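Residue strings, one per chain:
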Amino acid sequence: MRGWKLVPVVLLVCFLAAAVAETTFYGSNVFMLESLEVPTTVTIQPATGITNYTVTVYGSNGADESWARWDGAMLRLTQHDPTGSSLGLTPSKSTYYLALLLAPLLLFGFDPKKIIFFAALIGLFYLNAQAAGGSYSVVVKVPTGFTMETILIMNQNGDVNGNGFNTRNFIALIGQNRTGGSGRLTLNSAGIMKVANIVTAEDVQISGLTPLSNALQMNISPGKPESSSIQVNSYFGSFNIIQGSNFNTTFSGSHCSWTAGSRVVNGDNSTTTTSGFCSPPSRSNFVINTTQSISGAGKLNVDFGAATCTPSWVDPVLDSTDIDIPNPTISTEVASQTYTYNANNRWAFQEEWSSSQGNVTAGATPNELSVNSFALGSGGWHSGSFWLLCDECLPALRKGLNYNLTFSFKLGLNSSQVVKSIIPGLFINPKYRSYFSIQKFSIANETDRWLAVGPELLTAPTTISSTYTTFSANLTPSADLYSGVWRWNRDRTWEQPNPASNLNPYYVALGIRILFAQDPGTMASTYYFKDVTFTQPSFTFTAPQSLVDGSGPYFTPRKPSTLLDPNPRGSQCAWTQSGVKQWHDPATWGGSVPAPGAAVTIPANTKVVVGACIPGNSYLNSNSTSSQFYPKITIPAGSALIFTDAVINIRVRDILVQGNLTIGTQNCRVFSPMSITFHGSNTGQDTIGTSMGSKGIGVDGILDIHAKQYHYTWTRLAANAAAGDDRIYLQDAVNWEPGQEVLITTTFYQDDWWDQNEIRVIKAIDYSMNIVQFTQPLSYNHYAGDEYQAEIGLLSRRVLLQGNPSDSINAGFGGHVMIRNAATGRFSGVQATAMGQTNLLARYPYHFHLLYENGSNSFIHDSSCKNTLYRCITVHGSYNVDIQRNVGYRSIGHSFYMEDGVEENNTFAYNLAVNTQIIGTPAAGEFQGGITVNQAAGLTQPADISAAGFYITNAMNTYIGNAASGGWTGFAFPNLFIPINEHQTWKMDPSARPLKLFDGNTAHSAGYYWGSGCCIYVGGNLKNNGQGGPLVYLSGRIARNTRWPFLSTDVPSSTAGLGWTNTSPQAFMSFNNSKTFLCQKGINHWGNTVELTNYESHDNTLSATVFGQAWMGGALINGKSNNPIRGTPTGRGFQFYDTYVQSILTDVTFKNFNHDPSVPLLANGSNSGNDNTVLFSMTHSDKYKPQAISTTNRIKFENVDNRMRIGHFISDTGSSRYYNFIDTDGSFTNSNGIQLVGGANSGWWIINDNCRLVDEWNVYVCPKTNGVEVVNIIIEIPNLINSDPTEGAHYTSIHVGTMSLWGDGLNQKYNNRTTIITTMPGVTGVSNIGWYMYLNANGNTVNGYAPRSFSINTLLVPKGTWIMFAVSYPAGTTFNITADNRWWTQGDGVLKLASSLDQVKNGKGNEWYWFDGRVLYFKLENLARDNTISSFERGGARLYGTDNAYVYYVTANCQADANGNCASQWSIPTARL
């Protein structure tokens, strides 16, 4: 313990080292004194009539010598040889090596063995004074009002006295060794700006100390067992005290605010008490008690008394170096953590046969229950053992650590029962979906389910009755375990949030098994538990072996510049303007100073400065109450209200800005913590101004709020963070500070159902390694692998706008800020908490309202929203607003919100939206249709049932580098076919506007409320129900048709019709460089044109659903990441749609698609598509049938089972029969050259001898012959094949005949090249071959029939391709056949009877038909077609578009049968074509 005697010396040198880092000792206005041998008294005092400081040294013999000011020198007073002169002062220059002990304070351990010594070489210029015995008296005179740079005094024996001087830094070591030195410090009315480092052997007496800035660091260690006293005026900064044994420190007063990191370290038997506003912030570990013996004892009284708020008082202003927040060194040890589980709802009861016989309650008898207890009651018959299983109790557990479970247990009723054994354990949750029998829990039968089994806590059967018995056991996991995703359901089944079977099995429950000596039978019993704790031991943190940077093979993160915005301050600060007046000066008002309770109007044409002395500043007055607020502050045009850089916390209801409200400027961000708290109950009145509502800031002039820039405002994890860890690694360097709150996002699928977002307070930061340590460990795991990483967002800012909690949160009525019309609003570094007014339009935390072209003057940067009550940032009727580097957490309703659909050319860059909260019942619905919801009292904007992190009513905006975590979806693009609300009469179609730029954005953990939910959603429809009517929202499938505006510079207006027309060029919704993960679907785009380029999808149940012309070019589709607790069910890659789209996949890598053993294969061993399948078919409908609408090129596979490449489900539907796609280069099917893939429902897709059946995929793969294309025709037969059947019938397949291939010589080899014709029109097959239609509902080849009239639409028959169509008719039948271009005359014709089949073959499709007495032949071509129209080509792959203009009409004149049809017999042609 003797090492503690060195603490004062260590502290001094640490303090000195810190000061050296802050200033230059050998600069100007520096006084340094060293007296280690001769008793010396030092006096510092002001003096008039001098311009520089002077020093006079008096010896004990009366001699003296004076110097004028010098710089870069230390006055050293030493003992001289007794024979020498009595006093000799000889200036000399030398190099002095001063070893500075640069040791961390180690306040959380304070082990002197850990102090590390460093040598720092400092060259100083010394003045040596020598004396033969006696003592010195040194007098330093400082010019009145002059501020010294540094005063440094090292005095072994003697007092130091100071009076009325000012200095930037003050360092005093009085009595280097407290047992050998002596001396006290007395300061009166001194002013210190930056650093006060004081270590004394005796007491400290400071009165009237005035901080000259709001960033003073006071570090004090008194050492004498006497009473020390410090009285400080209006203090803000860090305050660190280390005191010895038997100290009693008292902090009092109300004019202080301590930065995070302030603390008191007590020796043994020392205490610390606080009162008033000077109680430390709860986020600080302020008082640290040690059992170490620190030399010295005494009492320290710290009084932060009243500020001197005289009319002439002007707040001292921080310089550009900002507040220096103490930042302790990060320890390698993670402290132990104890979890308490005494709430009854954390536990579930499980018996041998079921769980229905028991329940866990808080108990009913006070005699039996204590505060920290719960009761387990069993009713009816129950067995001789039960389990108590804890619901989401455990953190992540590390292999090999010894965890401790402690609990107390007793019996209530039937106390005579004998307990045979009690066994605790860590149990892997079973896969069983219902109750578990005791055998399933049995250790003997299922040891593999126990990851750690504790010892039996009873060595022999014991009767446990009326008193609690405490049990304790250590549990050591045999593997790393994860928690928090299995839950004990109220229906008494253990269940995952989604019944996927491919999750990592290590999900762990805490269990206690109680086994009785005999079955209690039907006897009701009660058991009591209390004081249940689970302790994680301390452990040495292991640094990750590698770090990730967020980039992927296709996705590149978009990040802002690493440079901070310019902040020159100085003359750029608004309070430095000439002619400003102080709020607290009565002369400003021509009378008394307005105080809370009074409505205030700033005098006309006056600039008023708000400083720390404004009445009602809760920072200066802890006795101010929430009822003491300004009801309204009005700033008229021509006037300004300017906040100085001081700690200011004021309360208001309304602020109306018609002139200027300035809290910092773009070039002078404030550093001091400030807050404006908005008070007021819910009211419909416009108390701010007309149409501005109540409780907030309404701006018709200019609002500037700019606080310190924290950069980055958010980043991502660079390494995994496990529950129990107290630190994280960041991808980017940040300038965050201890004491600030940060948000760690979930990396689990269902964000809101299983909320694993966490807020933590920073304890320390290693800026060189980008490590952030927290005051409390994490509760959940947060993933950071190569695939994706959790986001880390900074929530704290220096300026806070907040709703008063007592009248805001429960009422949903916080403050709001509205910048409207010609106004300007500029924000930097602002935090909004409990802002916004739920379900009140136009009452948002940050609201840019109807600025139109004036929006270019406004922006919001580097700011945050935390728990806001209605949105985060809203752009309404405004253009060119810049929204960058903001963080929004847990906003109610859409977070980053565009309102009416006219908002264009705004920029949303590098913003983070997390855990956006849905209003009302989340949108769900059956299939794609969604639900329709009307505006209502509790749902002002009905689309809030699908609340998104980014809600985009008009895509013509820029989105770069944003991230969305959670919400119904991350990015929502609802279709507004006309604008809504105030802009309903504008002549434009917002849904037709394409994206201006969408690059580098990510979204995750969303889309789980609905089968079509997703990370990025383009769909739904929002509209007014009639002119000026209420809003109506349809959440489901609605398509958009995007077109470019006439001019790239066009913006909407009330008169210009800027929606697309048929002559507007088609535009694609282009999502470039995007990443989605942990969603139901990655992207769901219901529209006509979309491009996904450089796209990554990880752990989504489906990578994307894209309609219309859709291209995925350059993508990684990862079915399963290395995230062990991702929570998503079976992942599938992509599904080609079933009709009328064009889907192209090029340069796509599919990764980690492996068979799930729990998903059964089909009878033939093929993949049904319900497995972890890369490409699976859509086969549910007979109405919706695929044309030639799908193709791939340059596809790669990594860790993909071959069986998992394609999953085609064979069913009796047209969508299954005609499933097909083109493998352009053979890479998908592992083939050479272009391949046709078709469903193996029959041999319909066999087109040559080289076709192969792939049983694992249920498809045929055939080399595609040049000129042969996949084609589609629509056959309609009156009263048989109807193009418009009832909607409900399209899932049913009603057979009416067959279509067979002929003419290529393969008929004999493949006798099943036939497909089914149903009542639903449409047949897809291959071109340049014969198709034979035979109608017979019985499916046989006799007694068939042929239609007397029918039509064939050559929907998709590309130019240059053809079908030789054949159908049997009875002999003697005559025909009328026409070819009709329904839109033009090109290709029209009446077909004539040819002389042979060859004539038909060699002619055009509008010329000939042939009837040989049994079979009618005619050639189907689309002669009106231009293959460039509607064709779609991307990435070297091409698809032809559909064209429904060219139709063949056939009328047959025959002897009709009873049903009006022509008789027909099977007669498939045998001719070669």
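Draft legend 1. Quick look at the overall build of the protein. Scanning the protein from N- to C-terminus turns up 6 helices and 109 strands. In the protein, buried positions account for 63% of the 1473 residues. For the protein, the share of sequence-separated contacts (at least 6 apart) that also reach a separation of at least 24 residues comes to 73%. As presented, the protein carries roughly 50,900 Å² of accessible surface, and 49% of it is formed by carbon and sulfur atoms.

Draft legend 2. Up close: unusual backbone geometry. Here the amide bond leading from His711 into Tyr712 is cis, since omega sits at -10 degrees, within 30 degrees of zero. Assignment of secondary structure puts Tyr712 in the loop between strand 49 (702–706) and strand 50 (714–716). Backbone geometry places Asp531, a non-glycine residue, at a positive phi of 50 degrees. With respect to the secondary-structure elements, Asp531 resides in strand 38 (residues 525–536). Classification of Asp531 as partly exposed rests on a relative accessible area of 31%. Of note, Arg885 is a non-glycine position whose phi angle comes to about 60 degrees, a positive value. In this fold, Arg885 is placed in the loop between strand 64 (882–884) and strand 65 (887–889). Take Arg885: its relative accessible area is 9%, and that puts it in the buried class.

Draft legend 3. View of the environment of Pro1347. Within the secondary structure, Pro1347 is located in the loop between strand 98 (1344–1346) and strand 99 (1349–1356). When its relative accessible area of 1% is taken as the criterion, Pro1347 is described as buried. The spacing of Pro1347 and Cys1462 is 115 residues in sequence and 6.1 Å in space, taken between C-alpha atoms.

Draft legend 4. Just the sheet that holds strand 52 (residues 741–744), in detail. Read from one edge of the open sheet, 6 strands run 50-55-52-53-54-51, paired in antiparallel fashion. Two strands bound the open sheet, and with one partner strand each, they are strand 50 and strand 51 (727–729). On average, adjacent strands in this sheet sit at an angle of 35 degrees to one another, irrespective of strand direction. Of the strand pairs in this sheet, strand 52 and strand 53 (residues 758–766) are connected by 4 bridges, and their pairing is antiparallel. Across the sheet, the residue bridging to Leu743 is Ile759, located in strand 53.

Draft legend 5. Examining the sheet that holds strand 93 (residues 1270–1276) more closely. If you walk across this open sheet you meet the 6 strands as 96-93-99-108-101-102, and the pairing is antiparallel. Among the strands making up the open sheet, the edge pair consists of strand 96 (1323–1326) and strand 102 (1389–1390). In terms of strand pairing, strand 93 meets strand 99 through 4 bridges, oriented antiparallel. Across the sheet, Glu1276 pairs through a bridge with Ser1351, a residue of strand 99.

Draft legend 6. Quick look at the confidence of the model for the protein. For the protein, per-residue confidence averages 81 on the pLDDT scale, and residues scoring 70 or more make up 75% of the total. Note that residues 279–286 has pLDDT below 50 and, in this model, 23 contacts with residues that lie over four places away or in other chains. Low pLDDT, under 50, characterises residues 363–368; the predicted model gives this stretch 7 contacts beyond four residues in sequence or across chains.

Draft legend 7. Representation of the side chain of Asp882 in the model. Inspection of the secondary structure assignment puts Asp882 in strand 64. Of the buried charged residues, Asp882 lacks a salt bridge, with Arg885 as the closest side chain of opposite charge at 6.8 Å. In this structure the side chain of Asp882 is engaged in a polar contact, spanning 2.7 Å, whose partner is the side chain of His861. Contacts of Asp882, omitting those with residues within four sequence positions, involve Ser858, Phe859, Ile860, His861 and Thr907.

Draft legend 8. Spatial organisation of the nonpolar core. In this structure, Trp583 and Phe973 are the most contacted members of the largest nonpolar core, which totals 108 residues. Here this core gets 5 residues from one element, more than from any other, and that element is strand 45 (residues 648–657). By size, the runner-up hydrophobic cluster in this structure holds 56 residues, among which are Leu1236, Val1271, Ile1363 and Tyr1446.

Draft legend 9. The arrangement of the state of the cysteines in detail. Tallying each qualifying case throughout the model produces 5 disulfides. Paired by a disulfide, Cys865 and Cys872 hold their sulfur atoms 2.2 Å apart. Between Cys865 and Cys872, the S-S dihedral sits near 85 degrees, and the bridge is therefore right-handed. The same class applies to Cys865 and to Cys872, which are both buried. Note that Cys1454 is cross-linked by a disulfide to Cys1462, the S-S spacing being 1.8 Å. The disulfide joining Cys1454 to Cys1462 has a torsion of about -90 degrees about its S-S bond and is therefore left-handed.

Draft legend 10. Structural context of the packing of aromatic side chains. Evaluated as defined, the whole model comprises 59 aromatic pairs. Geometrically, the ring pair formed by Tyr844 and Tyr897 is edge-to-face, given 6.1 Å between the ring centres and 65 degrees between the ring planes. Taken together, the residues Tyr844 in the loop between strand 59 (830–833) and strand 60 (846–852) and Tyr897 in strand 66 (residues 896–898) connect sequence positions 53 residues apart. The same class applies to Tyr844 as to Tyr897, namely buried. A centroid spacing of 5.0 Å and a plane angle of 80 degrees characterise the contact between Tyr1369 and Phe1375, whose relative ring orientation is edge-to-face.

Draft legend 11. Focus on the environment of Arg653. Tracing the chain through its elements places Arg653 in strand 45. A residue is classified by how much of its surface remains accessible, and Arg653, at 25% relative accessible area, is partly exposed. Taking the C-alpha atoms as reference points, Arg653 and Gly803, 150 residues apart in sequence, are found 9.5 Å from one another. Aside from chain neighbours lying at most four places away, what touches Arg653 is Phe629, Tyr630, Pro631, Phe678, His679, Thr687, Ser694, Lys695 and Gly696. Side-chain polar atoms of Arg653 contact the side chain of Asp654, separated by 2.9 Å.

Criteria and thresholds
Residues numbered from 1 in each chain as written. Predicted model: local features only at pLDDT ≥ 70, side-chain atom pairs only at ≥ 80, totals over all residues. Heavy atoms only, no water. Helix = DSSP H or I, 4+ residues; strand = E, 2+ residues; numbered from the N terminus. Buried < 20%, exposed > 50% of the residue type's maximum accessible area, 1.4 Å probe, protein only. Contact = heavy atoms within 4.5 Å. Areas by Shrake-Rupley, 256 points an atom, 1.4 Å probe, with all protein chains shown as cover. Pairing = 2+ DSSP bridges. Axes fitted to C-alpha atoms, helices over the stretch in contact; angles between N-to-C directions. pLDDT = per-residue confidence, 0-100. Lys, Arg positive; Asp, Glu negative; His and termini not counted. Salt bridge = Lys/Arg side-chain N within 4 Å of Asp/Glu carboxyl O. Polar contact = N/O pair within 3.5 Å; in protein donor to acceptor, adjacent residues only side chain to side chain. Core = buried A, V, L, I, M, F, W, Y, C linked by side-chain atoms within 4.5 Å. Disulfide = S-S within 2.5 Å. Phe/Tyr/Trp six-rings, centres within 6.5 Å; stacked < 30°, edge-to-face > 60°.

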